[in-house]
Amino acid sequence: MPGIDESLLEAMRLPGARGALVVDWISGLALGAVGDAPGGDPEATAAETAELARLALESGTLASGDGGGPAGHGEEPPVQDLILTTADAYHLLRFVVTTFDSTVFLHLWLDRTDGNLALARIRLAEMADRLVLG
């Protein structure tokens, strides 16, 4: 089972990958980073994407049909992933479910021309399922 560094390196092997982060959405801190970051600053990217993740997870409108709330203590998050599309890139945020506290997500920055969004989404989900934190 891969840890943070191995998962990030695996994400960078995806076609079109520009950069990848593991972020704690509560604190906004990058737990790991590889490749480039939008704006050149991985910490700023982590903080800004954590705000987006927090808004999505805490939104009652986006919660699952069973009325599940924010993730915590091994519960499935109400949102599995987010895809943000810009003129030249995709940003994929995939939430990681853990047994202790599900407050982490993987962020992949993918070039829109060279990347394959469907493949990246599938592989990111697989990585999130295998990721070992600690």
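Look up: the structure comes first, before these words.
One structure accompanies this document, and this report is about it. Everything numeric in this text was worked out from a predicted model, so none of it was measured. Positions within a chain are numbered from 1, following the residues in the order the chain's sequence is written. Restriction of local features to residues with pLDDT of at least 70 applies here, the model being predicted, together with a cutoff of 80 or more for giving and counting side-chain atom pairs; totals for whole chains, interfaces and linings are based on all residues. Each side-chain value is worked out from all heavy atoms of the structure, with water and hydrogens disregarded.

1. A look at the nonpolar core
So, step 1. Counting residues in hydrophobic clusters, the biggest one holds 19 residues, and the most contacted among them are Leu-92, Leu-106 and Leu-108.
So, step 2. In this text, helices come from DSSP runs of H or I with a minimum length of four residues, and strands from runs of E with a minimum of two, each type numbered from the N-terminal end. For this core, the secondary structure elements donating two or more residues are α1 (4-12), β1 (17-24), β4 (89-96), β5 (104-111) and α3 (117-130).
So, step 3. What makes two residues a contact is simply this: any of their non-hydrogen atoms within 4.5 Å. Ignoring sequence-local partners within four residues, the contact set of Leu-92 consists of Leu-82, Ile-83, Leu-106, His-107, Leu-108, Leu-110, Leu-117, Ala-120, Arg-121 and Leu-124.
So, step 4. Among the nonpolar cores identified, the runner-up in size contains 14 residues, and Ala-46, Ala-50, Val-79 and Phe-105 belong to it. Here, the term nonpolar core denotes a set of buried Ala, Val, Leu, Ile, Met, Phe, Trp, Tyr and Cys residues that are joined through side-chain atoms within 4.5 Å. Note on classification: 1.4 Å probe, protein chains only; a residue is buried when its accessible area is under 20% of the maximum for its type, exposed when over 50%, partly exposed between these limits.

2. Details of the pattern of salt bridges
Side chains that carry opposite charge are capable of pairing whenever their charged atoms lie near each other.
So, step 1. In what follows, salt bridge is the name for a side-chain nitrogen of Lys or Arg lying within 4 Å of a carboxyl oxygen of Asp or Glu. Taken as a whole and judged by the stated rule, the model has 7 salt bridges.
So, step 2. The shortest N-O distance in the salt bridge between Arg-18 and Asp-88 comes to 3.6 Å. Here Arg-18, found in strand β1, pairs with Asp-88, found in the loop between β3 (81-85) and β4; they are 70 residues apart in sequence, far enough to count as distant.
So, step 3. Note on Asp-88: relative accessible area 42%, which makes it partly exposed.
So, step 4. Measuring nitrogen to oxygen at the nearest pair gives 3.4 Å for the salt bridge that ties Asp-81 to Arg-94. Here Asp-81, found in strand β3, pairs with Arg-94, found in strand β4; they are 13 residues apart in sequence, far enough to count as distant.
So, step 5. A single salt-bridge network, built from bridges that share partners, covers Arg-18, Asp-88 and Asp-111.

3. Remarks on helix α2 (residues 42-58)
So, step 1. The end-to-end C-alpha distance of α2, which contains 17 residues, comes to 24 Å, matching closely the 24 Å that a straight helix rising 1.5 Å per residue would cover.
So, step 2. Every buried residue of α2 is listed here: Thr-45, Ala-46, Thr-49, Ala-50, Ala-53, Arg-54, Ala-56 and Leu-57. Along the long axis of α2, the arc covered by the buried residues comes to 165 degrees, so they all point the same way. Opposite its buried face, α2 presents the exposed residues Glu-48 and Leu-55, each directed more than 90 degrees away.
So, step 3. Buried positions along α2 lie against β1, β2 (30-35), β3, β4 and β5. To estimate the expected span of a helix, count its residues, drop one, and scale the result by 1.5 Å. In this description, one arc is meant: the one made by directions from the helix axis to the C-beta atoms.

4. Some details on the environment of Gly-28
So, step 1. When you line up the elements, Gly-28 lands in the loop between β1 and β2.
So, step 2. Measuring from C-alpha to C-alpha, the distance between Gly-28 and Ala-50 comes to 5.0 Å, with 22 residues separating the pair along the chain.
So, step 3. Leaving out residues up to four positions away in the same chain, Gly-28 has contacts with Val-23, Glu-43, Ala-46, Ala-47 and Ala-50.

5. Considering α1
So, step 1. Three or more residues of α1 are buried, namely Ile-4, Ser-7, Leu-8, Glu-10 and Ala-11. Down the axis of α1, the smallest arc covering the buried residues is 160 degrees, so these residues share one side.
So, step 2. On its buried face, α1 sits against β1, β2, β5 and α3.

6. Observations concerning the environment of Leu-31
So, step 1. Tracing the chain through its elements places Leu-31 in strand β2.
So, step 2. By relative accessible area, which is 42% here, Leu-31 ends up partly exposed.
So, step 3. The sequence separation of Leu-31 and Phe-105 amounts to 74 residues, and the corresponding C-alpha distance is 9.9 Å.
So, step 4. If near-sequence neighbours (up to four positions away) are discounted, Leu-31 is found in contact with Ile-4, Val-22, Val-23, Asp-24 and Val-104.

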